[in-house]
Amino acid sequence: MSNQNDTFKNLIAHCKEYGFVFQSSEIYDGLSATYDYGPYGVELKNNLKEYWWKSMVQMNDNIVGLDAAIFMHPKTWKASGHVDAFNDPLIDNKDSKKRYRADQLIEGVMEKLENKMNKEVTKAKKRFGESFDEVQFRATNQRVLNNQKKHEAIRVRLAAAMTNEDMADLKNMIEELGVACPESGSKNWTEVRQFNLMFNTQLGAIAGEGGKIYLRPETAQGIFVNFLNVQKSTRQSLPFGIAQIGKAFRNEIVARQFIFRMREFEQMEMQFFVKPGTDLEWYENWKAKRLAWHKALHPASKLRYHDHDNLAHYANAAVDIEFQFPFGFRELEGIHSRTDFDLKAHQELSGKKIQFFDPATKESYVPFVVETSIGCDRMFLATMANALEKEEIVGGNGKTSTRMVLKLHPAIAPVKCTVFPLKSNNPELVAKAKEVLNDLRFSVNAQYDDTGSIGKLYRRQDAIGTPYCVTVDFQTLEDNTVTIRERDSMKQERVPMDQVEKIVREKTDMRLLLS
Ligand code: ATP
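In this text, all values refer to a predicted model and were calculated from it rather than measured experimentally. (Residues numbered from 1 in each chain as written. Predicted model: local features only at pLDDT ≥ 70, side-chain atom pairs only at ≥ 80, totals over all residues. Heavy atoms only, no water.)

Our focus in this paragraph is the overall build of the protein. Scanning the protein for helices and strands turns up 18 helices and 23 strands. On the principal axes, the C-alpha backbone points of the protein span a range of 80 × 65 × 55 Å. Counting only contacts in the protein whose residues sit at least 6 apart along the sequence, the fraction spanning at least 24 positions is 66%. Carbon and sulfur atoms provide 50% of the accessible area of the protein, an area that totals close to 25,400 Å². In the protein, the 71 positive side-chain charges and the 70 negative ones have mean positions that sit 2 Å from each other. (Helix = DSSP H or I, 4+ residues; strand = E, 2+ residues; numbered from the N terminus. Contact = heavy atoms within 4.5 Å. Areas by Shrake-Rupley, 256 points an atom, 1.4 Å probe, with all protein chains shown as cover. Lys, Arg positive; Asp, Glu negative; His and termini not counted. Charge placed at Lys NZ, Arg CZ, Asp CG, Glu CD.)

Strands sit in the order 20-19-21-22-23 across an open sheet of 5 strands; the sheet is mixed. Unpaired on one side and paired on the other, strand 20 (446-448) and strand 23 (492-496) mark the two borders of the sheet. With direction set aside, neighbouring strand axes in the sheet form an average angle of 25°. For strand 19 (residues 417-421) and strand 20, the ladder comprises 3 bridges, and the chain directions are parallel. Looking at strand 20, one finds that Val419 is bridged to Tyr448. On top of the sheet, helix 14 (residues 427-441) reaches strand 19, strand 20 and strand 21 (468-472); it is set at about 165° to strand 19, its chief contact. Against the sheet, helix 15 (residues 454-464) contacts strand 19, strand 20, strand 21, strand 22 (481-486) and strand 23, and its axis sits at roughly 170° relative to strand 19. (Pairing = 2+ DSSP bridges. Axes fitted to C-alpha atoms, helices over the stretch in contact; angles between N-to-C directions.)

To continue, consider the packing of aromatic side chains. Under the counting rule described, the total for this entry stands at 22 aromatic pairs. Ring geometry for Tyr37 versus Phe380: centroids 4.9 Å apart, planes at 80°, classification edge-to-face. Here Tyr37, found in strand 2 (residues 35-37), pairs with Phe380, found in helix 13 (residues 376-387); they are 343 residues apart in sequence, far enough to count as distant. Measuring from ring centre to ring centre gives 6.2 Å for Phe128 and Phe132, while their planes differ by 10°; the resulting arrangement is stacked. Taking relative accessible area as the criterion, Phe128 reaches 44% and is therefore assigned partly exposed. Grouping aromatic residues by their ring pairs yields a cluster made of Phe8, Tyr35, Phe258, Phe260, Phe323, Phe325 and Phe327. Across the ring face of Tyr305, the terminal group of Lys287 is positioned such that the distance to the ring centre comes to 4.8 Å. (Phe/Tyr/Trp six-rings, centres within 6.5 Å; stacked < 30°, edge-to-face > 60°. Buried < 20%, exposed > 50% of the residue type's maximum accessible area, 1.4 Å probe, protein only. Lys NZ or Arg CZ within 6 Å of the ring centre and 35° of its normal.)

What follows deals with the packing of helix 5 (residues 102-128) against helix 8 (residues 167-176). Interaxial distance between helix 5 and helix 8 falls to 10 Å at its minimum, and their mutual angle equals 35°. Crossing angle aside, the handedness with which helix 5 passes helix 8 is left-handed. The residues of helix 8 that touch helix 5, namely those facing Ala102, Leu105 and Ile106, are Leu170, Met173 and Ile174. Residues belonging to the contact of helix 5 with helix 8 are distributed by class as follows: 6 nonpolar, no polar and no charged. (Left-handed = near helix turned anticlockwise from the far one by under 90°. Nonpolar A, V, L, I, M, F, W, Y, C, P; charged D, E, K, R; others polar.)

If you trace the 3 strands from one edge of the open sheet to the other, you get 5-4-6, paired in antiparallel fashion. Single-partner strands in this sheet number two, and they are strand 5 (99-101) and strand 6 (193-196). For this sheet the average axis-to-axis angle between neighbouring strands, irrespective of direction, equals 50°. Each of strand 4 (87-92) and strand 5 is contacted by helix 5, which is oriented at about 70° to strand 5, the strand it contacts most. Relative to strand 4, helix 8 is tilted by about 45°, and along the sheet it contacts strand 4 and strand 6.

The end-to-end C-alpha separation of helix 14 is 21 Å, in line with the 21 Å expected for 15 residues at 1.5 Å each. Here helix 14 has its buried residues at Leu429, Val430, Lys432, Ala433, Val436, Leu437 and Leu440. Viewed along the axis of helix 14, the buried residues span an arc of 165°, placing them on a single side of the element. Those residues of helix 14 that are exposed and aimed more than 90 degrees away from the buried face are Pro427 and Glu428. The backbone nitrogen of Glu428 lies 2.9 Å from a side-chain oxygen of the residue at the head of helix 14, namely Asn426. (Expected span 1.5 Å × (residues − 1). Arc of directions from axis to C-beta. Polar contact = N/O pair within 3.5 Å; in protein donor to acceptor, adjacent residues only side chain to side chain.)

Along the chain, Gln461 falls in helix 15. Residues contacting Gln461, with those up to four places away along its chain left out, are Thr418, Phe420, Gln447, Asp449, Thr466 and Cys469.

Right, let's talk about the site of the ligand for a bit. Lining the immediate surroundings of the ligand are 16 residues, of which Glu252, Arg261, Met262, Glu331 and Leu332 lie closest. In the model, an oxygen atom of the ligand is placed 2.9 Å from a nitrogen or oxygen of the Gly375 main chain. Counting residues per element, the shell around the ligand draws most heavily on strand 13 (residues 328-339), at 5 residues. Its residues placed into classes, the shell around the ligand shows 4 nonpolar, 5 polar and 7 charged. (Near = heavy atom within 4 Å.)

Counting across every chain of the model gives 0 disulfides. With no disulfide of its own, Cys376 lies closest to Cys15 among cysteine sulfurs, the gap being 14 Å. For Cys469, which is in no disulfide, the shortest distance to another cysteine sulfur is to Cys417 and amounts to 6.7 Å. Classification of Cys469 by relative accessible area gives buried; the value is 0%. (Disulfide = S-S within 2.5 Å.)

Moving on, we get to the nonpolar core. Of all hydrophobic cores here, the largest spans 61 residues; its most connected members are Phe20, Trp52, Phe380 and Leu381. If we skip the residues at most four places from it in the chain, Phe380 touches Phe20, Val21, Tyr37, Gly41, Leu44, Lys45, Leu48 and Ile259. Counting 19 residues, the second-largest nonpolar core is a separate cluster that includes Tyr100, Met173, Ile174 and Cys181. (Core = buried A, V, L, I, M, F, W, Y, C linked by side-chain atoms within 4.5 Å.)

Given below as structure tokens:
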């Protein structure tokens, strides 16, 4: 655990030191669970958004984009169920005055049981060596079986309590499981009560309830209310999707773990409208497609599906794609089969018909919806966590040293290439280096740096994940060749100066990810 904590702390420190992510309003001691993206952070985030947008919108004939407003008519949130049901169960510890999500405290107990079981497995693996059969061990070892049984009983009861909004049973579980406040160790708890996660504010000059509007807690509703506008203006026929990237706001009860859980965050959502009856087939289809999208960037071993135990009020099937963050497997993306719940609810509350006329069957119906919803910030965190490595390297003099290297896929790296002159005080070298930079700039994000020795400059570029560095040296002045150095292998090659743009463009092309 402490190892995981260290890894995570190092990652947060790296994000700050190298200009990826800063605590919001830091000079005022920060605002909890809000963060700002720095110069390299915004580039990486934009690249992740581009990867998503290209693969979801531009490479699909039947998915189109939208950018809806954050403010929406308050009735939107009544229809969607957010006013009445977008709650988390909240519990306070009377001694420490700390606030928790009751379901997360119970999940913490389940996680401890999982850790115990994993420990047993690791111990046995060591003991039995090569011949160890993990599946058989888990199915027969009594200690593992006992813990598995406890785990399953908690899981089933928690799912039922959450589905039935049974706050009393959540409290009973916390008491029966002997859950203590992680901060103070106290078991002196309040009752569990529902807490609505939507932020609200006032519109214009109208005071009181009449002017109350919400900051959207998800981007999806902007898509639902625009269904007919988009379908008619783009002459789409079913099945088709609408995608959008935008900010969402949730007044999370506990917001820790850096940018994993924020109160202001960004979502990339796509609603796929299908003919009723084909929804579950499309659900399976999107489930597979989305996992493949993640696998292009991240190792399969760090990704897994997690089926929902308690379905949201609008869903008939739901799965999370989980990523192995430094603090364990957690949700990165949700894929939900949302039935016709939202469109029907908006149709009823607005009194406007929201249906698709199927020219083939001459029928009108409310489409069913399959949604893919990923948090851009969680994607950012997963990408950074997966890429950051501390590496031992052997220098030319045979001495070993360490470097922090951000092994980002070249297509999403914030800077694709940085150009250095061997000597910053030589005007000819500087001029040549600027020439290379200006050529690169038209096609990729490139930089110039002459603020240190080449070795130091390499370290800095490694730490921000720049896949290529070009050095202009004295030989360049003679034959117009430069050295290009690749981040991961650290290999250097001499190439003609006028080839640099083409090499870097091709090797950092988003096409490499998309195909
Ligand atoms: P969780 O169970 O972690 O609270 P959720 O199931 O409420 O998440 P969804 O409503 O399915 O999340 O939202 C879709 C995606 O939006 C999530 O998969 C996640 O990546 C992202 N997301 C949700 N809440 C937050 C948050 N507070 N901060 C950052 N990203 C978030």
